[in-house]
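Descriptive analysis of the structure
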Protein chains: 2
Amino acid sequence: MLSWVKDKMLQVNLVEDLHPKEGFYRLGFTDLETKAHAHFVQIAEELGLKVYEDEIGNKMARWETDCEDQRYVSSGSHLDTVSGGGAYDGAAGVVASLAAIKLLKDEGFKPERPLEVICFRLEEADRFGVSTIGSKAMAGLFDENSFAHLKDANGITLKEAVESQGYKWEHVKNAERDTNDIYSFYELHIEQGKRLEGITDLGVVDAVTCPIRLEVTIEGENGHTGTTLMTERRDALVIASHIIQEVQEETLRINREEHKYPLMATVSQIKSFPNSISVIPGKVVLGIDIRSVDDHLKERLVNHLEKMSSTFDADISVVRKVNTSSVFLDEGIRETMRKEIAKTRDTVPVLESRAGHDVMNMQKKWPSGMLFIPCRDGISHSPREYAEIEHIVEGAKVIAAYYKLKSIV
Amino acid sequence: MLSWVKDKMLQVNLVEDLHPKEGFYRLGFTDLETKAHAHFVQIAEELGLKVYEDEIGNKMARWETDCEDQRYVSSGSHLDTVSGGGAYDGAAGVVASLAAIKLLKDEGFKPERPLEVICFRLEEADRFGVSTIGSKAMAGLFDENSFAHLKDANGITLKEAVESQGYKWEHVKNAERDTNDIYSFYELHIEQGKRLEGITDLGVVDAVTCPIRLEVTIEGENGHTGTTLMTERRDALVIASHIIQEVQEETLRINREEHKYPLMATVSQIKSFPNSISVIPGKVVLGIDIRSVDDHLKERLVNHLEKMSSTFDADISVVRKVNTSSVFLDEGIRETMRKEIAKTRDTVPVLESRAGHDVMNMQKKWPSGMLFIPCRDGISHSPREYAEIEHIVEGAKVIAAYYKLKSIV
């Protein structure tokens, strides 16, 4: 099993597409993502699964049965990466689900409810500022009108990107699946943190952090860098530097208080205009990512930033581009799988996911659960991202157990 | 004369090329600059001047004579703008020189030494981080090897840009002119400051500030914005925000001391990598512009920044992309022109130029002088840049006087 999983991880993470220093650029709705999906289809078909594609390009690899209850027992994840990402965020969950199917086939298991492995399209917010597009479409959370105009760094709209891969925008809404079409959903993912590492190989997730994402626009005034006295400037970048530090300092302050869940806030995007060596920056746009399972902490930081913004000599607008409440996963599945894992382990940590995942959309329509495996030094969204193949295999065994338990009518 | 100057200002500042809110984008070695040069040629030929072009595209509009002394009495400026620039920085000096020729023609003046109006190519550092490329080539200061690889924001090299306008890179060095080819040079420019405004319409320049330009690269570490605890980050943008503020604060500190010339420092460029909403910035590159006639003050700030850079938990490199000493203009020309202007005015301010200009290169090879006219609120490198046509006309009269005085053998 080890070598099979290793082999398939390499098949969906083509070395030819890897930038040696910067990592993968397998962004959603690019040819690279589509190529990875083709490899998923190939592996699934080798396993004897029948592969279907929905109207936005999500793949469903199915082990069909003639059971009366045709609700699918589902598991899966995504294959896209951030810019400069690693080989495990998403891919580990997809390959582990396929590996679970292989385990069941090898032992001659016969499911009652049909099983399926889902390979979602664009999960990372990297490209368009909105995440989990594929699972949003499947769960009926796809906002056709507002999403159509989302643009990537090259000015390509989401609509154009989706259609560039052969799908019709006006048909995307048909990717929504009926409540009675899925029995339950389960996702394996690398933790992207340091809570499991060195302690155990598997953790059960109870909740998924969802972000507030702000676009802060600071309007100061252009001017000549040589002739405008320091005391006569309205330099938007100097003001931005104060906001960047306040995001950092206020978040540290909040975390020094007693809270069950931590708050993370990052000014992860900055664009300065005109960004010319001899012109004082007249305008700066910041992208701020704010996360916690505790939605109140997110609100506290946003309110603080809105307040402080009014204290500067500039026109500052604070817009919520993304504003989603955190999601608590299905207790039944969590407890069942925790007990299952506990059979062979002394300790089974229950922890929250500090990143958003496709499972958060699936949970809104179907009972869903999530499994974490460790990743080295907690590093993710980086070429240094790494997880043990052994841990993916252990995860696959848990997914196999999930398929078994849930496929019984 | 007023309507002629106004008309010609409009001819070199085509409204069709004006972005109503952002201003002009007539960058050096673009089709827009070339189009403006074509209009210069047209106006010059209407005045009966013979126009020559050198190997980098500088134009010389000449009033030729059969005097034994064939050294040209020169005056001129440039027509390129920064990104989001105004209609007067450069253009005012070009049109005023042409207007001076018209005044002399109208009064039937017969020059001894030949006269010329120079329209330089790329003066603004905006596009390639290096300024006054055209006059550098004319004065023999063109560094062919290091300049060839300068890149603009779109990755186009200076060599490619020059050749895109029809010039041969290997011939550019031939644009250098012999010491005996020019008798003297004079440039009119808007002040780009507030020292003349409301006091008088003309000022005489004694020195030109030249910049030190730093490229500061901060190497932190990428990471997932949701899963990397605030206390476990090496966020390059947070470190950059400290440097941006230190540039501001230290420069204000230095200016609070007693100095003849002020210091200006601006973080005018910033690029963050990967600049993705869900990734902690792992790398930030800053462009810092530092100016003062007092070269010691520039050095003090650079040393301060180099020292503080070593105090952060990141690899920070500080590289001097530009490192030029300030230039003092020819005393003879300055005094002659100051006395000339004083004939009709009570006060003639003598002030330094806080921006670099083509004259600083010309002074290195030929006796050169400079004349300032006010610009509203001191605003420049901005669409709000504005100068009175009356002041351009008064400047044209001074240039005409300069041509007369210097053309006499």
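Residues numbered from 1 in each chain as written. Chains lettered and ligands numbered in written order. Predicted model: local features only at pLDDT ≥ 70, side-chain atom pairs only at ≥ 80, totals over all residues. Heavy atoms only, no water.

Our next topic: the overall build of chain A. For chain A, the helix and strand inventory stands at eleven helices and 17 strands. Relative to a compact globule of 409 residues, whose C-alpha radius of gyration would be 22 Å, chain A shows 23 Å and is just as compact. Along the first, second and third principal axes, the C-alpha atoms of chain A reach 80 × 50 × 40 Å. Split into buried and exposed, the 409 residues of chain A put 63% on the buried side. Here chain A displays about 15,200 Å² of accessible surface, and carbon together with sulfur accounts for 49% of that area. Between the mean site of the 50 positive side-chain charges and the mean site of the 67 negative ones, chain A shows a separation of 1 Å. (Helix = DSSP H or I, 4+ residues; strand = E, 2+ residues; numbered from the N terminus. Rg over C-alpha atoms; globule rule 2.2 N^0.38 Å. Buried < 20%, exposed > 50% of the residue type's maximum accessible area, 1.4 Å probe, protein only. Areas by Shrake-Rupley, 256 points an atom, 1.4 Å probe, with all protein chains shown as cover. Lys, Arg positive; Asp, Glu negative; His and termini not counted. Charge placed at Lys NZ, Arg CZ, Asp CG, Glu CD.)

Right, let's get into the relation of the copies chain B and chain A. Overlaying chain B with chain A gives an RMSD of 0.1 Å, the required rotation being 180 degrees about an axis along which the chain moves by 0.2 Å. Classification of the inter-copy transformation places it as that of a two-fold axis. Nearest to the rotation axis, the C-alpha of B:Ser241 is located 2.2 Å from it, this being the minimum over chain B. With an isologous cut-off of 70% or more, the 97% of interface residues of chain B that recur at the interface of chain A puts this contact in the isologous class. (Least-squares fit on C-alpha atoms with pLDDT ≥ 70 in both. Contact = heavy atoms within 4.5 Å.)

Attention shifts here to the nonpolar core. Within the largest apolar cluster, 57 residues are counted, with the highest numbers of intra-cluster contacts made by A:Ile218, A:Leu286, B:Ile218 and B:Leu286. Look past the residues within four positions of A:Ile218 in its chain and what remains in contact with it is A:Ala236, A:Ile239, A:Ala240, A:Ile243, A:Gly282, A:Lys283, A:Val284, A:Leu286, A:Ala314, A:Asp315 and A:Ile316. (Core = buried A, V, L, I, M, F, W, Y, C linked by side-chain atoms within 4.5 Å.)

Next up on the list: the sheet that holds strand β14 (residues 315-323) of chain B. Residue and element names in this part refer to chain B. Taken in spatial order, the four strands make up an open sheet running β11-β13-β9-β14, and their pairing is antiparallel. Only two strands of the sheet have a single partner each, and these edge strands are β11 (264-273) and β14. Taken pair by pair, the neighbouring strands of this sheet meet at an average axis angle of 20 degrees, ignoring direction. As paired strands, strand β9 (residues 210-219) and β14 are joined by eight bridges and run antiparallel to one another. Paired with Ile212 across the strands is Asn323, a residue of β14. Helix-sheet contacts for helix α8 (residues 295-309) involve β9, β11, β13 (283-292) and β14, and the interaxial angle to β13 is about 160 degrees. (Pairing = 2+ DSSP bridges. Axes fitted to C-alpha atoms, helices over the stretch in contact; angles between N-to-C directions.)

This part is about the environment of B:Val393. Structurally, B:Val393 is set in helix α11 (residues 389-407). For B:Val393, a relative accessible area of 7% translates into the label buried.

Let us now look at the packing of helix α7 (residues 236-256) of chain A against helix α7 (residues 236-256) of chain B. The interhelical angle for the contact between α7(A) and α7(B), taken along N-to-C directions, is 135 degrees, at an axis separation of 9 Å. Of the possible angle classes, the one that applies to α7(A) and α7(B) is oblique. Between α7(A) and α7(B) lies a crossing of left-handed hand. On α7(B), the residues touching A:Leu237, A:Val238, A:Ser241, A:His242, A:Ile244, A:Gln245 and A:Gln248 of α7(A) are B:Leu237, B:Val238, B:Ser241, B:His242, B:Ile244, B:Gln245 and B:Gln248. The residue inventory of the contact of α7(A) with α7(B), partitioned by class, reads six nonpolar, eight polar and no charged. (Parallel < 35°, antiparallel > 145°, perpendicular 65-115°, else oblique. Left-handed = near helix turned anticlockwise from the far one by under 90°. Nonpolar A, V, L, I, M, F, W, Y, C, P; charged D, E, K, R; others polar.)

By the definition in use, this model includes zero disulfides over all chains. Free cysteine A:Cys210: the closest other cysteine sulfur is in A:Cys375, separated by 19 Å. (Disulfide = S-S within 2.5 Å.)

A few words on the pattern of salt bridges. Residue and element names in this part refer to chain A. Scanning all chains against the criterion turns up 68 salt bridges over all chains. Among the salt bridges present, the one from Arg113 reaches Asp69, with a minimum N-O distance of 2.6 Å. One end of the pair, Arg113, is in the loop between α3 (91-106) and β6 (115-120); the other, Asp69, is in the loop between β4 (59-63) and β5 (72-78), and 44 residues separate them in sequence. The class of Arg113 is buried, set by a relative accessible area of 5%. When its relative accessible area of 14% is taken as the criterion, Asp69 is described as buried. Among the ionic pairs, Arg320 bridges to Glu299, the shortest N-O distance being 2.8 Å. You can see Arg320 sitting in strand β14 (residues 315-323) and its partner Glu299 sitting in helix α8 (residues 295-309), a full 21 residues away along the chain. Salt bridges here are not isolated pairs; linked through shared partners, they connect Arg62, Glu116, Arg177 and Asp181. (Salt bridge = Lys/Arg side-chain N within 4 Å of Asp/Glu carboxyl O.)

Turning next to the sheet that holds strand β9 (residues 210-219) of chain A. Residue and element names in this part refer to chain A. Taken together, four strands build an open sheet; the order of strands is β11-β13-β9-β14 and the sheet is antiparallel. Both edges of this open sheet fall to β11 (264-273) and β14, since each of them pairs with a single strand only. Averaged over all neighbouring strand pairs, the angle between strand axes comes to 20 degrees, with direction disregarded.

Residue and element names in this part refer to chain A. As far as domains go, chain A holds domain 1 (2-209 + 326-407) and domain 2 (213-323). Using only C-alpha atoms to locate each centre, domain 1 and domain 2 end up separated by 33 Å. Listed by partner, the interface residues are 14 residues for domain 1 and ten residues for domain 2. Both faces considered, domain 1 and domain 2 share a buried interface measuring about 840 Å² in area, 54% of it formed by carbon and sulfur atoms. Of all residues in domain 1, Thr209, Ser326 and Arg354 give up the largest surface area on contact with domain 2, accounting jointly for 47% of the area buried on that side. There are zero salt bridges connecting domain 1 and domain 2. Residue assignment for the side of domain 1 that touches domain 2 shows that the elements contributing at least two residues are β8 (203-208) and β16 (350-353). Here the side of domain 1 that touches domain 2 is composed, by residue class, of five nonpolar, six polar and three charged. (Domains from an automatic or database assignment. Buried area = accessible area lost by both parts, 1.4 Å probe.)

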